[in-house]
Structure formats: C-alpha cells, structure tokens
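# Notes for the structure review
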Amino acid sequence: LSRCPVASQALLKHNFVEDILYPSLDVVEENLTVEDEATIARGTLALANLAGTTANSCPKANRFALKTIVKVLDHAVRGERLATITWLPPAVLFGLRNMTLNSENNVALLECGIAPMLSKLIDGWVLETGMATLELSIESIRHLSTQHEC
C-alpha cells in the first residue's frame, strides 16, 4: 500500500505518518515476539516507502527497527517465512533503499550486518530473481558506500 503513489498521497494527506506510524514505531525494547518484530519491520519499511527517494527524506529509524529489517531481509533471501509472513526481497529492498538515503541509518544498518545480506543477494542473483531485486540491491549498496565513516 505504501509503495502505491495514490495511496501514499492519501496516507500523507490524512496525517497517517504523524498520528499513527511514528508513535507505533517508537520501540526500543528487544524482548518482543516475532510477530511484534514483523510489525515494526513492516511499519518502518512503510515509513521509508512513504518518505520517498530524495536525499535525507527518510527519517532516522531506531536501531532495533533497523536490526529487525536486516533479519527480515535475511529471511527473504533464504525464502523463509518470519511471523507467518513470506517476505519478498524486492518488497524489503524498496524501503531499505529509501532508508539508505539517510546517512544516520547507514551507520546503524552496516553495524547490524546489512552488507553481508546485500552481498548474498547480489552473489545469488539470477534472472529469475528479477531485475528489481538487483537494481534495488545495487542502489542500496551505492548509498551505503558513500558513508564517510565506513
């Protein structure tokens, strides 16, 4: 829903981000159920989708959410379900690519192990995997590689 331009505009127009999404993602506790982790990952990715693809348009996500997204991407790469959700790499990568436009997210993502996940995606890519997976992985790596602290 958050990747659809018309739906995104409606969500933004009616303050969904400020009133619902931001407060629901303000989680720092690490003893959550896997279902709660999945909800945080989906909400954070939705926020990144809504933020768009301009530099620094995506807000800083909390470290727990970023760590969870790396975990979700790992499950997507392996084709395994997490919290009864079948995560697809392009769906995760779409939001991740937007998140890597924020340099503050990049440091945390790298510390949480995103580089090996993206490397695994590129290394295992075949045409059947889809061009979106390849393109979004490369864009994410390009954004991460411009991080000066790395």
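Structure shown above.
Here's a quick rundown of the structure. Computed from a predicted structure; not experimentally measured. (Residues numbered from 1 in each chain as written. Predicted model: local features only at pLDDT ≥ 70, side-chain atom pairs only at ≥ 80, totals over all residues. Heavy atoms only, no water.)

### With respect to helix 7 (residues 114–123)
In plain terms, the rule: In this scheme, a residue with accessible area under 20% of its type's maximum is buried, one over 50% is exposed, and one in between is partly exposed, where area comes from a 1.4 Å probe on protein chains only. Put simply, DSSP marks the helices as runs of H or I at least four residues long and the strands as runs of E at least two long, and each gets a number from the N terminus on. Here the arc refers to the directions that run from the helix axis out to each C-beta atom. In what follows, a contact means two residues having at least one pair of non-hydrogen atoms within 4.5 Å.
Every buried residue belonging to helix 7 is among I114, M117, L118 and L121, and all of these are buried. Buried positions in helix 7, seen along its axis, are confined to an arc of 95° and lie on one side of it. Set apart from the buried face of helix 7 by more than 90 degrees, the exposed residues are P116 and D123. Buried residues belonging to helix 7 abut helix 4 (63–78), helix 5 (89–99), helix 6 (103–111) and helix 8 (131–145).

### Brief notes about the packing of aromatic side chains
Filter applied, for reference: Think of it this way: a Phe, Tyr or Trp ring, Trp meaning its six-membered ring, pairs with another when their centres are within 6.5 Å, and the plane angle makes it stacked under 30 degrees, edge-to-face over 60, tilted otherwise. A ring is scored as having a charge over it whenever the NZ atom of a lysine or the CZ atom of an arginine sits within 6 Å of its centre and within 35 degrees of its normal.
Per the counting criterion, the structure on display carries zero aromatic pairs. The ring of F94 has R97 sitting right over it, with the charged end atom 4.9 Å from the ring centre.

### A look at the environment of F94
If you trace the backbone, F94 turns up in helix 5. For the pair formed by F94 and A132, sequence separation is 38 residues and the distance between their alpha carbons is 8.7 Å.

### Some points on the nonpolar core
The tendency in soluble globular proteins is for nonpolar side chains to be buried as a group. Our working definition: Each nonpolar core is a collection of buried residues, namely Ala, Val, Leu, Ile, Met, Phe, Trp, Tyr and Cys, held together in the definition by side-chain atoms within 4.5 Å.
Membership of the largest hydrophobic core comes to 29 residues, with the highest contact counts inside it found for L73, W87, V92, L96, I114 and L118. Per-element tally for this core: the top contributor is helix 4, with six residues. Apart from residues lying up to four places away in sequence, I114 is in contact with V70, L73, L96, L109 and L144.

Function cannot be inferred from these measures alone, as they are strictly geometric.
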